[in-house]
Amino acid sequence: MKSYSIGRDNACDIVLNDHTDVISRRHAVLTVSSSGKMTITDQSTNGTYINGQKISSNAPVPVKRKDTISFAHVATLDWNMIPKSKQWLTYLLVGIGVAMVAALAVLYFVREKPAKPVEEVVPVVDTISPQPQKEVQTTYTVTFEANGGQGTMEPQQVPIDNKAGLVGNTYTREGYDFVGWNTQADGKGIGYDDKATVTFTSDMTLYAQWKQRTHKVTFVPNANNVRNKMEDQEVVEGTDTELSKNEFKRKGFTFTGWNTQPDGKGTPYDDKAVVNLKEDLKLYAQWKENGSGKKDTPKNDNSDDNEKGKGTFLGA
């Protein structure tokens, strides 16, 4: 029995060159028995595939020379590096021995008994129908899964063991941005960018990867004599979210809420109101002068402090 270690490590019997470190240092072991039967055992992180099917780790699986063995979809086994079994020599020697014994038996039989007249033998011609040739595979199939998205994409045919560019994504998902493909639905497999150029060694299924879209809420003090500041708030699109509590303070004025316009003529929002956004939102603080009952209406104040949510402290 002979075993061949296969992997990225130079100490392996068969070294697989991989600068991406996707192939494990000791990826798999191929075992050849004295009878010529072969098995392969996966010992890797990213998997070993036989004819496109991933095998279980640490369990020997029977293989034949006609099988295509892929290591993490990065490299394939070159069968020329595995010496062929010498089982044929054993069969040949056994066959010669049997023939010699048969020949000796015939000689003995001829010497002991008189030869019989030889009957004419009419040869029988057996017409054998030609067998259809097995179709040679020339392409692999890439299947695209929406993975929570909407739309349809046809499978892509790519040439065997050659580089090819993936077709552009056409799937959509409300409230999400497409960020690429992955060999696993949960994104823990091998990732590929949209329209990436890939070397294919087997059929492949790619799952769309999505990132939930977010929007920014900006809080503007809407006056110069304001202290404290408020950071922008990030809100997930399509999700009910409570606005940050107002932190602005203005001497002699009371905060009355927010508005999409500085003069209060836009859409009003209460403090800590619940919003559901599909775009960014800028809110201007609204003020009422203490004791007068009159609302303060700013006059297009475009100073940096007013627009960026930073108050100017003018005294307690």
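Residues numbered from 1 in each chain as written. Predicted model: local features only at pLDDT ≥ 70, side-chain atom pairs only at ≥ 80, totals over all residues. Heavy atoms only, no water.

Draft legend 1. View of a positive patch on the surface. A contiguous patch of positive charge on the surface is contributed by Arg-227, Lys-245, Lys-249, Lys-251 and Lys-272. In this structure, Lys-251 sits in the loop between β21 (249-250) and β22 (253-259). On the basis of relative accessibility, which here comes to 58%, the residue Lys-251 falls in the exposed class. (Patch = residues over 30% accessible without salt bridge, like charges linked within 9 Å, V, L, I, M, F, W, Y side chains within 5 Å. Areas by Shrake-Rupley, 256 points an atom, 1.4 Å probe, with all protein chains shown as cover. Salt bridge = Lys/Arg side-chain N within 4 Å of Asp/Glu carboxyl O. Lys, Arg positive; Asp, Glu negative; His and termini not counted. Charge placed at Lys NZ, Arg CZ, Asp CG, Glu CD. Helix = DSSP H or I, 4+ residues; strand = E, 2+ residues; numbered from the N terminus. Buried < 20%, exposed > 50% of the residue type's maximum accessible area, 1.4 Å probe, protein only.)

Draft legend 2. Highlighting the sheet that holds strand β9 (residues 75-76). Spatially, four strands are ordered β6-β5-β8-β9 in an open sheet, and the strand pairing comes out antiparallel. Looking at which strands have only one partner, the edges of the open sheet turn out to be β6 (53-54) and β9. Where strand β5 (residues 48-50) meets strand β8 (residues 69-71), three bridges bridge the pair, whose relative direction is antiparallel. Paired with Ile-50 across the strands is Ile-69, a residue of β8. (Pairing = 2+ DSSP bridges.)

Draft legend 3. Structural detail: the confidence of the model for the protein. Per-chain confidence: the protein averages 85 in pLDDT, with 80% of residues scoring 70 or above. For the stretch residues 300-305, pLDDT sits under 50, and the model shows eight contacts to residues farther than four places along the chain or on other chains. (pLDDT = per-residue confidence, 0-100. Contact = heavy atoms within 4.5 Å.)

Draft legend 4. The arrangement of the pattern of salt bridges in detail. All told, the structure shown has six salt bridges when counted by the stated rule. Lys-278 is the salt-bridge partner of Glu-174, the closest N and O atoms lying 3.9 Å from each other. A residue pair is termed long-range when its members are at least 10 positions apart, and Glu-174 in the loop between β12 (163-165) and β13 (176-182) and Lys-278 in the loop between β24 (274-275) and β25 (281-289) qualify at 104 residues. The exposed category is assigned to Glu-174, whose relative accessible area is 65%. Judged by relative accessible area, which is 61%, Lys-278 ranks as exposed. When salt bridges with common partners are traced through the structure, they connect Asp-177, Arg-213 and Glu-237 into a single cluster.

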